[in-house]
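Take a look at the letters that make up each chain.
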Amino acid sequence: MAQQTVAVLFGGRSSEHSISSATAGGVLAAIDRDRYRVIPIGITREGAFVLERDDPARFALDAEHMPEVVDNGTRVRWPEPSGDRMLRVTASDGTTIDLGEIDVVLPLLHGLHGEDGAIQGFFDVLDVPYAGGGILDSAVCLDKHFTKLALSAAGIDVAPGFTVRRAQWDADPEGVRARVRALGAVVFVKPASAGSSVGVSRVDDGEGLDEAFRVAFDEDSKVLVEARVAGREIEVGVLAGHDGGRARASLPGEVVLTSRSFYDFEGKYLGGDGVEIVCPADVDDALIARLRETAVRAFEAVDGTGLARVDFFVTPEGGLVVNELNTMPGFTPYSMFPKCWIASGLSYTELITELIEAGLRR
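Within each chain, residues carry numbers counting from 1 in the order of the written sequence. pLDDT decides what is reported in this predicted model: residues at 70 or higher carry local features, side-chain atom pairs at 80 or more are listed and counted, and totals for whole chains, interfaces and linings draw on all residues regardless. Heavy atoms throughout the structure, all of them, feed into the side-chain values; hydrogens and water do not.

**Examining the overall build of the chain**
Quick note on the threshold: Secondary structure is summarised from DSSP: a helix means a run of H or I of at least four residues, a strand means a run of E of at least two, and numbering begins at the N terminus for each. We compute the radius of gyration over the C-alpha atoms and compare it with the globule rule, which gives 2.2 Å times the number of residues raised to the power 0.38. The classification of residues rests on relative accessible area computed with a 1.4 Å probe and restricted to protein chains. Under 20% of the type maximum is buried, over 50% is exposed, and intermediate values are partly exposed. By the convention used here, residues are in contact when the closest approach between their heavy atoms is within 4.5 Å. For accessible areas, the Shrake-Rupley method is used with a probe of radius 1.4 Å. Any residue's cover is judged against the shown protein chains and nothing else. Charged residues are defined here as Lys and Arg on the positive side and Asp and Glu on the negative side; His and the ends of the chain fall outside this count. A single reference atom marks each charge: NZ on Lys, CZ on Arg, CG on Asp, CD on Glu.
Assigned secondary structure in the chain consists of 11 helices and 17 strands. Its C-alpha atoms give the chain a radius of gyration of 21 Å, near enough to 21 Å, the size a compact globule of 362 residues would have. Its C-alpha atoms give the chain principal-axis dimensions of roughly 60 × 50 × 40 Å. Within the span of the chain, comprising 362 residues, buried residues form 54% of the whole. Considering only intrachain contacts with a sequence separation of at least 6, the fraction spanning at least 24 residues in the chain is 64%. Working note: accessible area of the chain is about 15,200 Å², and carbon and sulfur atoms make up 49% of it. Taking the average location of the 35 positive side-chain charges in the chain and that of its 56 negative ones, the two points are 2 Å from each other.

Below, the structure is given as structure tokens:
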């Protein structure tokens, strides 16, 4: 089988730059090199496309070293629409080198300009195939306000809450505080369009509410306030179906909080104490079936086209509340999405191949 060329794209301008880079490290280490020729392309925090070194170890994630795409002076030149798919790079000395034709792009970008439909639209304009979500599902799922609207319209339960825009908070903070109090003693304040728990705060009895809004508004001009939903945190991976078939759902995994108040950035990515990831989750077959079916329904509700991690709260009464969908979930070898699929019979390398091949087919 002839090798196909995959441009692995990571970094980006969002607050999740380092997580995207760490994801790339995992993918570069595990991608099937017999099947694919890889061109690693980083996006700096300023938005420059640079040719990166194919060195997974550079992008290891730990508390002492957050991986970063640095501006090395190169500039990647994407193909022109309707022409060949020749990828070129201009070196720091001004010379231009042909890197060969690319078959597909694998975007490993989280947050704004990567997971919101922007980069997907860019590649649609260039007529370059890409893996993962499309424009609409990416945009809807990054904005939690619109995610909740889409899910509610499909009859899927979501957490009680409301959206606050910066102008509303500035004009009538006391009115907003009154609405927050009506939600209950414990609420979560989160940016509408950010991931990896960036900018999310738990507020108990109103303590620290103003600071929670400040932190969230630093990330987005639109903020969600949601009531705490008591229950187990269960997550399910979804992959688009083959040849027009229905999407497929993985076995569920569970986030078990032993001493942490919620699943924050440190607990997710930096090995913070108080969090355990259990895959597959310890649930009965009937609940597994309900979770998988509801995950696929949620994927369909947002017109999912690539992949998603669907995050649930399972209440003590057995209710399923969808918290959010991530169309580019954490994808390091230690993240929930790959772990759910590994538990379902797909290796990490096979999962990467699955995404690339789906992008090629589309």
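**Here's the deal with the sheet that holds strand β8 (residues 161-165)**
Let me state the cut-off plainly: At least two bridges found by DSSP between two strands is the condition for calling them paired. Here the axes come from fitting lines to C-alpha atoms, over the contacting stretch only for helices, and the angles between their N-to-C directions go from 0 to 180 degrees.
Ordered in space as β8-β11-β9-β10, the 4 strands form an open sheet in which the pairing is antiparallel. Looking at which strands have only one partner, the edges of the open sheet turn out to be β8 and β10 (201-204). Between one strand and the next, the sheet's axes are offset by a mean angle of 25°, whatever the strand orientation. As defined by bridge partners, strand β9 (residues 186-191) adjoins β10 across 4 bridges and the pair is classed as antiparallel. Following the sheet pairing, Phe188 is matched in β10 by Arg202.

**Some remarks on the packing of helix α1 (residues 17-30) against helix α11 (residues 348-361)**
Filter applied, for reference: Every angle not falling under 35 degrees, over 145, or within 65 to 115 is termed oblique; those three ranges are roughly parallel, roughly antiparallel and roughly perpendicular. Amino acids are sorted into nonpolar (Ala, Val, Leu, Ile, Met, Phe, Trp, Tyr, Cys and Pro), charged (Asp, Glu, Lys and Arg) and polar (every other residue, Gly among them).
Interaxial distance between α1 and α11 falls to 9 Å at its minimum, and their mutual angle equals 100°. Here α1 is positioned roughly perpendicular relative to α11, judged by the angle of their axes. Facing Thr23, Gly26, Val27 and Ala30 of α1, the residues of α11 in contact are Tyr348, Thr349 and Ile352. Considered class by class, the residues forming the contact of α1 with α11 number 4 nonpolar, 3 polar and no charged.

**Regarding the nonpolar core**
Proteins that are soluble and globular tend to have nonpolar side chains buried together. Cut-off, in case you're wondering: Working definition of a nonpolar core: buried Ala, Val, Leu, Ile, Met, Phe, Trp, Tyr and Cys residues. They are joined through side-chain atoms within 4.5 Å.
Residues Leu106, Leu108, Leu239, Phe331, Ile352 and Ile356 are the most contacted members of the largest nonpolar core, which totals 30 residues. With near-sequence residues (within four places) excluded, Ile356 lies in contact with Val6, Ile31, Tyr36, Val104, Leu106 and Ala131. With 28 residues, the next largest nonpolar core counts Val140, Leu151, Ile156 and Val310 among its residues.

**Some details on the confidence of the model for the chain**
Formally: pLDDT gives the predictor's per-residue confidence on a scale running from 0 to 100.
Across the chain, the average pLDDT comes to 92, with 94% of residues at or above 70. Every residue in residues 263-267 is under pLDDT 50, and counting partners more than four places away or in other chains gives 21 contacts.

**Description of the pairing of strand β16 (residues 307-314)**
Most of β16 sits inside the fold, with 8 of its 8 residues counted as buried. Burial of β16 is two-sided: the residues Leu307, Arg309, Asp311 and Phe313 facing one way and the residues Ala308, Val310, Phe312 and Val314 facing the other way are all buried. Across 8 bridges, strand β12 (residues 232-239) lies against β16 in antiparallel orientation. Looking at β16, one finds that Ile234 is bridged to Phe312. Turn length for the β16-strand β17 (residues 320-326) hairpin, with the two strands adjacent in sequence and antiparallel, is 5 residues, and the turn residue Gly318 shows positive phi of about 95°.

**Re the sheet that holds strand β7 (residues 104-107)**
Across the sheet, 4 strands lie side by side as β3-β2-β1-β7; this open sheet has mixed pairing. The two strands at the open ends of the sheet, each matched to only one other strand, are β3 (49-51) and β7. Averaged over all adjacent pairs, the angle separating strand axes in this sheet is 30°, with direction ignored. Two strands pair when backbone bridges link them, and strand β1 (residues 4-11) and β7 are joined in this way by 4 bridges, in the parallel orientation. Bridge pairing links Val8 to Leu106 in β7. Packed onto the sheet, α1 meets β1, β2 (36-43) and β7 and runs at close to 150° relative to β1. Contacts between α11 and the sheet are confined to β1, β2 and β7, with β7 contributing the most and set at about 130° to the helix.

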